[in-house]
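Chain by chain, the residues:
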Amino acid sequence: MAEGVKIIAVNRKARHDYAVDDSYECGIELLGTEVKSFRDGKISFPDAWAEVVNNEVWLRSLRVAENPFSSIFNHDPDRKKRLLLKRDEIKRIKRKVEEKGYTLIPLSFYFKRGRVKVELGLCKGKKSFDKRSDIRERDVKRDIERDFRQGLMKR
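What comes next concerns the included structure.

### Observations concerning unusual backbone geometry
Negative phi is the rule for most residues except glycine; trans is the rule for most peptide bonds. Residues other than glycine seldom take positive phi values, yet asparagine 54 does so here, at roughly 55°. In this fold, asparagine 54 is placed in the loop between β4 (49-53) and β5 (56-60). Using a relative accessible area of 71% as the deciding quantity, one classes asparagine 54 as exposed. We note that serine 61 has phi near 60°; this positive angle belongs to a residue other than glycine. Mapped onto the elements of the fold, serine 61 is located in the loop between β5 and β6 (63-64). Since its relative accessible area comes to 43%, serine 61 is described here as partly exposed.

Here it is as structure tokens:
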């Protein structure tokens, strides 16, 4: 990530379960108490996903914990949040999502210049044999790097 970016949370499971074809950086429409919870890192999104409704992108299943220091006017932790994208990006995403097998998954949340941003991935689900082959490739790569390092240390 670039300078001035503070990572809040990363969805590592998404890259394991889905093949990410494209990713978009979007803003997220939040309430004041939600921003405070984001600053504290009190978010949970294991099953989060996004959908396009009436040419707007909405993030679902993102749980933002209530701030204990706020007043009685606290936010609903499970409310859906609107994502801020350009109109042509929304059209492109909508066309892709209508194809079979594509879904929108949040890959990471971070602060960029004081604003909360979401990296939204256009993903296609992986089959179990795809996951096994990825694990196998990762193990082979790790072994090659280990052998290379040991070869450099022997000199």
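### Here we look at the packing of aromatic side chains
In the structure shown here, the tally under the stated rule is two aromatic pairs. Judged by centre distance (5.7 Å) and plane angle (55°), the ring pair of phenylalanine 38 and phenylalanine 109 falls under tilted. Linking phenylalanine 38 in helix α2 (residues 32-40) with phenylalanine 109 in strand β8 (residues 102-112), this pair joins segments that are 71 residues apart in sequence. The two residues phenylalanine 38 and phenylalanine 109 agree in class, both being buried. Seen from their ring centres, phenylalanine 45 and phenylalanine 109 are 4.8 Å apart, and the 75° between their planes marks the pair as edge-to-face. Taken together, the residues span a long stretch of sequence, with phenylalanine 45 in the loop between β3 (43-44) and β4 and phenylalanine 109 in strand β8 at a distance of 64 residues. Both residues of the pair, phenylalanine 45 and phenylalanine 109, belong to the buried class. Within the aromatic cluster, the residues linked to one another by ring pairs are Phe38, Phe45 and Phe109. A cation over a ring is seen here: arginine 39 above phenylalanine 111, with NZ or CZ 4.5 Å from the ring centre. Seen from the ring of tryptophan 58, lysine 80 lies directly overhead, with NZ or CZ sitting 4.7 Å from the centre.

So, how was this worked out
Residues numbered from 1 in each chain as written. Predicted model: local features only at pLDDT ≥ 70, side-chain atom pairs only at ≥ 80, totals over all residues. Heavy atoms only, no water. Helix = DSSP H or I, 4+ residues; strand = E, 2+ residues; numbered from the N terminus. Buried < 20%, exposed > 50% of the residue type's maximum accessible area, 1.4 Å probe, protein only. Phe/Tyr/Trp six-rings, centres within 6.5 Å; stacked < 30°, edge-to-face > 60°. Lys NZ or Arg CZ within 6 Å of the ring centre and 35° of its normal.

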